[in-house]
Amino acid sequence: MTLSAGTDAVRQSLASFRQEREADWKAFEALLARVEKRAPRTLSEGELLSLPLLYRSALSSLSVARATSLDSALIAYLEALCLRGYFYLYGARRSLRTRIGDFFLHDWPAAIRDLWREIWTSVGLTVIGAIAGYWLVASDKRWYDAIIAPSLAGGRNPDSSAETLRSVLYGGGDHFLSGFAAYLFTHNTQVSILAFALGFAFAVPSVLIILMNGCMLGAIFQIYAAKGLGFELGGWLSIHGTTELFAIAIAGAAGMRIGTSIAFPGELTRMAAAARAGRVAATAMVGVTVMLLFAGLLEGIGRQTITSDVARYSIGGGMLALWFCYFYLFRMVRHGES
Amino acid sequence: MAKAKTVAKAKDPAGLVRPLVTPEGVDLRVKLADAGTRASGFLLDVVVIITAAVVISLVTIFGLSGLGFQDAQPLFIVWIIFIFFLRNVYFIAFEAGRRAATPGKRMVGTRVASRSGAGLTLDQVIARNLMREIEVFLPLSILAARGSAGVADTLTTIFGLVWALLFSLFPLFNRDRLRIGDLLAGTWVVEAPKLALAEDLSLRKDPIAARFQFSAAQLDAYGIAELQKLEEVLRRDDYSALKAVAETISRKIGAKVEPVNSKAFLTAYYGELRAHLERKLLLGNRKADKYAR
C-alpha cells in the first residue's frame, strides 16, 4: 500500500529534523539559564557570540515546526524557548550601574523639567492651602484639631504655652526623635506615593492631598505666629522642610500629570497617554523618595543639633538652591545625543 | 472564515493570545497570564514578604536581647525602614532584574513585559509597583489602622473592602488583564514557563503497537484538533482515560481493540494519524478537525 510508505517517509524526515536541531535547542536553553542567573560577562567570548546564532536557529526551527510538525509539545517547547530568548536578547539590557548613573545624570532632572507646569501648580496649591490653614486656625482655633491629627501634632496645640512650643524648636537630643524622623520619612513617602498614585482619578485626589498638606503647614504656623515664634518656626521647618515640601509638591505634580493626560490625551489614545505620563511620573517619584531620604537625614541630624536660626535658614535655603540648580541648570549631554 | 475563527477560539478559549512579531519576522504569540495565575503569584509574594519580615524581626529582637542590648530605639528605626523597604523595593528590585519576575511570579511561570514588545525599562517597573500602594496596601492599612484604634465602623470597613475589590478585580474588566499599575506603566504580565522538551510520541517503540495497521479511510476520520487531544491523553497516561478514548476511536473507525491494549492501540493510531496529517500538511492541506476535508 502506498499510504504507509508515504507516512513512513514523513515520519523519518520530521524525526531527523528534531534529532538534528535538538542539540542546538538544548545548548541555547543551557546558555539562557546561565545568563539569566549570572551576568553575561561570565560567558566566554565564543559563548557570547553563539547566543544570537542559537536564538535565530531556534526561531527558524519554530517556523519549520509550526509549518510541518503536529507535535504540539514540541511547538510549545520551542515557543517558550524563543520567547525567553527574545526577552533576553531584545531586553535592552544595561548594567545596574549605568542605569543608576543615567538616572542621576539625565533621567531625573529631565523628568522634573518635563513636569514644570504641574510642579508650579502644585507649589501654588501648597501656598493656597497654607494661607487657608492659617486663616482658618486664626479665625477659630478648634480648626487646628480638625486639620492636624493628634498623633502628628506631638503635643503642640493652640493652648500650649510659648515655652512648650519653643522647647520643641530648640530642645536638643530628644530620646525618641530619630525614631520619629524615620517614622516621618515613611509617612511622608506614603503621602507622596498617595499623591502620585491617586492622580489617575483625573488628578482630583492629588490636588486635595496637596491642599491638605498646605493646610497643615499653615495651621502649625499660625499657632507659632500667634505666640510670636513665626520666624523661629520658619527656621526649624526650613532646615529639612524646603527639601521635603518640594518633594511632596513634585509627587503631587506627578499625580496631576497622570490625571490630566488621562482626561486630555490629545492625539494619543487614552491608554498610550496614560502609559507615557506614568513613566515620566515614576521617574520623578523615585527622585522624590531620594529627596525625602535627604530630608529625613537633615531632620534627624540637623534639626536638633543646629539651633541657630541663621544657620537653619541658610541650610534650608542652600538645599533649595541646590535642588534648583540640579534640576534646572544642570544639563548633561550624553554621547550620541544632540 | 467562520471556521477559522472557531479553530482560533478552540485554541485560545479565553482570548488571551497576543501577537508579538520579533524583528526576525516570527510571531511568538505571547499568552497573557490569566487572573487566577496572577492572584496566586501575588499571594506567594505576600507570603514571602511576611515570612521575611517575621523571621528578621524575631532574629533581631532575640539576637539583641541576647547581647544584653536594652535600648530599643535604634532597633525601632531600623525596623521601620526595613519594613518600608521590604514592601516597596521587593517588587521593584525583582522585576527590574534579568528575569523580570518576583519569586512568586517565577513559581507560577509568568513575567512582566512591555506592551510595545520593547525591553522593559526601570521606570515602567517602578510605575507599575507604586500603583500597588493604592490597589492593595492603602485599603488594608486604613482598615488595619482603624481596626487597631477600635474605630472601624461598618461604613469604613465596607468602603475599604469595596475599594480593594474594585482594584483587585480591575484586571477582569479589560481585555488585556491589566491592573491599574500595568495600564499606567505600559506593561502586561505574560506566561513565560520553562518547559522541558518532551519525548516524541511517534517514536515510541511498542511491540503490540506494531500489530495495528490502519487504512487511509480510518486515518481520515480525525483532524488536527483531535490529534492534539489524543496527544494530551497519551502524555497524561491515565488508564481509564486511555481506555475510554480507545473505545471511542475504535468504534468510530471500526477496529477491534482489547481494553488491555488501549495504550498500544492509541500509540499506534497517534503515530499513523500524525504522519498522515503531516503528509497532508506538506501537500498544503491543514485538516483542522474531523469536519474539515
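Residues numbered from 1 in each chain as written. Chains lettered and ligands numbered in written order. Predicted model: local features only at pLDDT ≥ 70, side-chain atom pairs only at ≥ 80, totals over all residues.

## Examining the overall build of chain A
Part 1: Each helix and strand in chain A was counted, giving 13 helices and 0 strands.
Part 2: Put simply, chain A runs from its N terminus to its C terminus through helices and strands in the order α-α-α-α-α-α-α-α-α-α-α-α-α.
Part 3: Looking at the 338 residues of chain A, the share that counts as buried comes to 41%.
Part 4: Summarising the internal contacts of chain A: among those between residues at least 6 apart in sequence, 81% fall at separations of at least 24. (Helix = DSSP H or I, 4+ residues; strand = E, 2+ residues; numbered from the N terminus. Buried ≥ 20, exposed ≤ 12 C-beta atoms within 10 Å, placed from the backbone. Contact = placed C-beta atoms within 7 Å.)

## Thoughts on helix α13 (residues 309–329) of chain A
Residues and elements named next belong to chain A.
Part 1: Taking 1.5 Å per residue, 21 residues should reach 30 Å; α13 reaches 29 Å between its end C-alpha atoms and fits that length.
Part 2: Among the residues of α13, R312, I315, G316, M319, W323 and F327 are the ones counted as buried. Down the axis, α13 shows its buried residues gathered within 95° of arc, on one side only. Turned more than 90 degrees off the buried face of α13, the exposed positions are V310, G318, A321, C325, Y328 and L329. (Expected span 1.5 Å × (residues − 1). Arc of directions from axis to C-beta.)

## A closer look at unusual backbone geometry
Part 1: Of note, A:A203 is a non-glycine position whose phi angle comes to about 70°, a positive value.
Part 2: Looking at the secondary structure, you find A:A203 in the loop between α9 (177–197) and α10 (204–226).
Part 3: Backbone geometry places B:D237, a non-glycine residue, at a positive phi of 60°.
Part 4: Accessibility expressed as a C-beta count within 10 Å gives 9 for B:D237, which makes it exposed.

## Quick look at the nonpolar core
Part 1: A:A58, A:I250, A:A254, A:A281, A:A284, A:M285 and B:L184 are the most contacted members of the largest nonpolar core, which totals 112 residues.
Part 2: In terms of residue count, the dominant contributor to this core is helix α11 (residues 230–263) of chain A (16 residues).
Part 3: With sequence-adjacent residues up to four places away left out, A:A281 is seen in contact with A:F196, A:A254, A:R257, A:I258 and B:A127.
Part 4: The next biggest cluster of nonpolar side chains, apart from the first, holds 19 residues, and it includes B:L219, B:L242, B:A268 and B:Y269. (Core = buried A, V, L, I, M, F, W, Y, C linked by C-beta atoms within 7 Å.)

## What to know about the interface of chain B and chain A
Part 1: Listed as interface residues are 57 residues of chain B and, on the opposing side, 57 residues of chain A.
Part 2: Counting only elements with at least two residues in the side of chain B that touches chain A, the list comes to α3 (73–95), α5 (122–149), α7 (180–185), α9 (224–236) and α11 (262–282) of chain B.
Part 3: In terms of residue count, the dominant contributor to the side of chain B that touches chain A is α5(B) (10 residues).
Part 4: Considered class by class, the residues forming the side of chain B that touches chain A number 35 nonpolar, 8 polar and 14 charged. (Nonpolar A, V, L, I, M, F, W, Y, C, P; charged D, E, K, R; others polar.)

## Quick notes on α11(B)
Residue and element names in this part refer to chain B.
Part 1: Look at α11: 30 Å from first C-alpha to last across 21 residues, which is about the 30 Å you get at 1.5 Å a residue.
Part 2: By the criterion of burial, α11 is predominantly enclosed, with 17 of the 21 residues buried.
Part 3: Note on α11: the residue one or two positions beyond its end, G284, has a positive phi of about 95°.

## A few points about the packing of α10(A) against α11(A)
All names here are of chain A.
Part 1: The N-to-C vectors of α10 and α11 enclose an angle of 170°; their axes lie 9 Å apart at closest approach. Relative to α11, α10 is oriented roughly antiparallel. Mapping the contact onto sequence places S206, V207, I209, I210, N213, F221, Y224 and A225 in α10 and G230, L233, I248, A249, G252, G255, M256 and G259 in α11.
Part 2: Looking at the contact of α10 with α11 residue by residue, the class counts come to 10 nonpolar, 6 polar and no charged. (Axes fitted to C-alpha atoms, helices over the stretch in contact; angles between N-to-C directions. Parallel < 35°, antiparallel > 145°, perpendicular 65-115°, else oblique.)

## Points about the confidence of the model for chain B
Part 1: This prediction gives chain B a mean pLDDT of 81; 85% of its residues lie at or above 70.
Part 2: As a predicted assembly, this complex carries a pTM of 0.76 together with an ipTM value of 0.84. (pLDDT = per-residue confidence, 0-100.)

## Examining the packing of α9(B) against α11(B)
All names here are of chain B.
Part 1: Running from amino to carboxyl end, α9 crosses α11 at an angle of 145°, the nearest separation of the two axes being 10 Å. As for how α9 packs across α11, the hand of that crossing is left-handed. Mapping the contact onto sequence places I224, L227, L230, E231 and L234 in α9 and L266, T267, Y270, L273, R274 and L277 in α11.
Part 2: Each residue belonging to the contact of α9 with α11 can be placed in one class, and the counts come to 8 nonpolar, 1 polar and 2 charged. (Left-handed = near helix turned anticlockwise from the far one by under 90°.)

## Here we look at the environment of A:A275
Part 1: When you line up the elements, A:A275 lands in helix α12 (residues 270–305).
Part 2: Its 24 C-beta neighbours within 10 Å are what place A:A275 among the buried residues.
Part 3: Between the C-alpha atoms of A:A275 and A:G287, which are 12 residues apart in sequence, the distance is 19 Å.
Part 4: Non-local contacts of A:A275, meaning those with residues more than four positions away in its chain, are made with B:L184, B:A185 and B:G186.

## Regarding the pairing of strand β4 (residues 187–191) of chain B
Residue and element names in this part refer to chain B.
Part 1: Burial runs high along β4: 4 of the 5 residues are buried.
Part 2: As paired elements, strand β3 (residues 110–114) and β4 share 5 bridges and run antiparallel to each other. The residue of β4 that forms the bridge with T110 is E191. (Pairing = 2+ DSSP bridges.)

## Comments concerning the environment of A:G218
All names here are of chain A.
Part 1: When you line up the elements, G218 lands in helix α10.
Part 2: Sequence separation of G218 and I147 is 71 residues, and the distance between their C-alpha atoms is 9.8 Å.
Part 3: In this view, G218 contacts G129, A130, I131, A132, G133 and Y134; residues no more than four positions away in its chain are not counted.

## Digging into the pairing of β3(B)
Part 1: Among the 5 residues in β3(B), 5 count as buried, and that is most of the element.
Part 2: Residues B:T110, B:V112 and B:S114 line one face of β3(B) and the alternating positions B:R111 and B:A113 line the opposite face, and both faces are buried.

## Quick look at the environment of A:A274
Part 1: Looking at where A:A274 falls in the secondary structure, it is placed in helix α12.
Part 2: Accessibility expressed as a C-beta count within 10 Å gives 24 for A:A274, which makes it buried.
Part 3: When the C-alpha atoms of A:A274 and A:S261 are compared, they prove to be 6.1 Å apart, with 13 residues separating the residues in sequence.
Part 4: If we ignore the near neighbours within four places in the chain, the residues touching A:A274 are A:I258, A:S261, A:I262, B:L183 and B:L184.

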